[in-house]
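In case you want the letters, here they are:
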Amino acid sequence: MRKWDGTPVEPLLSALVEFLLTLAEGHALTFSYSALCKAAETSMESSTFQAAVSVLVSSRSLHLLDIHYILDDGNEEYELADKDVAHARRTGKLAHPETGVVIEDYERFVYPYFEASNTLREARNRA
Amino acid sequence: MKDYSQKDLLLLAQRNPALSIAIHLTALGGEPPSKDGYDEFNGLVDDALDFCIREMERQPQLHYDQNEDRLSKSLISPMLGMGFEVDSKANGGNVDVAIELGRSYSWLGESKIWDGPAYIFEGYLQLTTRYASGGEYQTSVGMITFCGLKRSDQAMLDWANHLSANGKDVSIPNMPIIGSTGFRSTYRSERSGAVMSVRHMSVSIYFKPEDKSGRARVSKSK
């Protein structure tokens, strides 16, 4: 945390780290945006909250979460490969994982969620 | 687990540049490093710097008498709330501004208070021959010029001309730059051979109000 001390992101980051490290044993280690938002006692409109999530996903020293995506086509849910989401973000085009058909306005059907990273799992095992 | 769609997030971010940058950084931070990803990172750094420059230029009275270290720290402080890993070390042995995302992407910046083009050139040499590695995903850097004089655009034109005449292996794609408050140049890294991209930007901290209370304020702070 030291790197973030005194920065605007520190209070929300501390709250999220505390939440992730102290979850009861057996608690699912996947999280929606809403669950993280609730844990940080803030709103989705808070740019500082989004920044804290970004730190947890990408930071060298505090990488506690991995981000993944689900496609819900109205009938079924599909886990999307990271590379397919990356491609869709660049090109605006996402092919349906089963039919291969390009999904119009795909962002409406794609939902990000978060999963404990190896670092978080190891930290929880040590505690 | 399913709540906010990608579309919902983009709609949330529509009117808030800092939120938009943070949301995009989260998505980018979860991807494996790639050339496209680095281009996106550099675009987000540009957006964040534009935001920071606008914020700083809105209140020159808070900055016009500060030194280079404090100006660098003030400039990048909004970025600390956007999800970048930002360092403003600003001491002899380190680059002034380092912006990173995860283990791979980085952007380095050197900042100087405008004191003529030869002085800025020294900072440019520090940045390009001392700090910039030219390694993979480390090929974008920037020169930040704080301009306390009138006509920051003229200062940038002087700087562009000086760089063009004196820089080693420098190319400025859009010369001549007319009425510029910023421009881009490239050079080839001596270390790695990579083509490096340099963003040159000015931050106007000129503050000389001519009304009575403004004059009093400036003379009081001296």
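Residues numbered from 1 in each chain as written. Chains lettered and ligands numbered in written order. Predicted model: local features only at pLDDT ≥ 70, side-chain atom pairs only at ≥ 80, totals over all residues. Heavy atoms only, no water.

Engineer: Tell me what's going on with the packing of helix H1 (residues 6–13) of chain B against helix H2 (residues 17–29) of chain B, and back it up with residues and numbers.
Structural biologist: Residue and element names in this part refer to chain B. The N-to-C vectors of H1 and H2 enclose an angle of 150 degrees; their axes lie 8 Å apart at closest approach. With respect to their mutual orientation, H1 and H2 come out roughly antiparallel. In contact with Leu9, Leu10, Leu12 and Ala13 of H1, H2 contributes Leu19, Ser20, Ile23 and His24. Residues that form the contact of H1 with H2 fall into these classes: six nonpolar, two polar and no charged. (Axes fitted to C-alpha atoms, helices over the stretch in contact; angles between N-to-C directions. Helix = DSSP H or I, 4+ residues; strand = E, 2+ residues; numbered from the N terminus. Parallel < 35°, antiparallel > 145°, perpendicular 65-115°, else oblique. Contact = heavy atoms within 4.5 Å. Nonpolar A, V, L, I, M, F, W, Y, C, P; charged D, E, K, R; others polar.)

Engineer: Pulling in residues and values, what's your account of the interface of chain A and chain B?
Structural biologist: The interface is formed by 41 residues belonging to chain A together with 38 residues belonging to chain B. Of the roughly 3,500 Å² buried between chain A and chain B, counting both surfaces, carbon and sulfur atoms make up 58%. When residues of chain A are sorted by the area they lose upon contact with chain B, Arg60, Arg89 and Arg90 of chain A head the list and together hold 20% of the total. Our count for the chain A to chain B interface comes out at six salt bridges. The closest approach of N and O atoms between Arg60 of chain A and Glu100 of chain B, which form a salt bridge, is 2.7 Å. Along the contact surface separating chain A from chain B lie 13 residue pairs in polar contact (both at pLDDT 80 or more). (Buried area = accessible area lost by both parts, 1.4 Å probe. Salt bridge = Lys/Arg side-chain N within 4 Å of Asp/Glu carboxyl O. Polar contact = N/O pair within 3.5 Å; in protein donor to acceptor, adjacent residues only side chain to side chain.)

Engineer: Lay out the environment of His96 of chain A with the relevant residues and their values.
Structural biologist: All names here are of chain A. Mapped onto the elements, His96 comes out in the loop between strand S4 (94–95) and strand S5 (102–103). Distance from His96 to Ser59, taken between C-alpha atoms, is 31 Å for residues 37 residues apart in sequence. When residues no more than four places from it in sequence are discounted, the contact partners of His96 are Leu71, Asp73, Tyr78, Val101 and Ile103. A polar side-chain atom of His96 sits 2.9 Å from a polar atom in the side chain of Asp73. Of note is the side chain of His96, whose polar atom sits 3.3 Å from the backbone nitrogen of Thr99.

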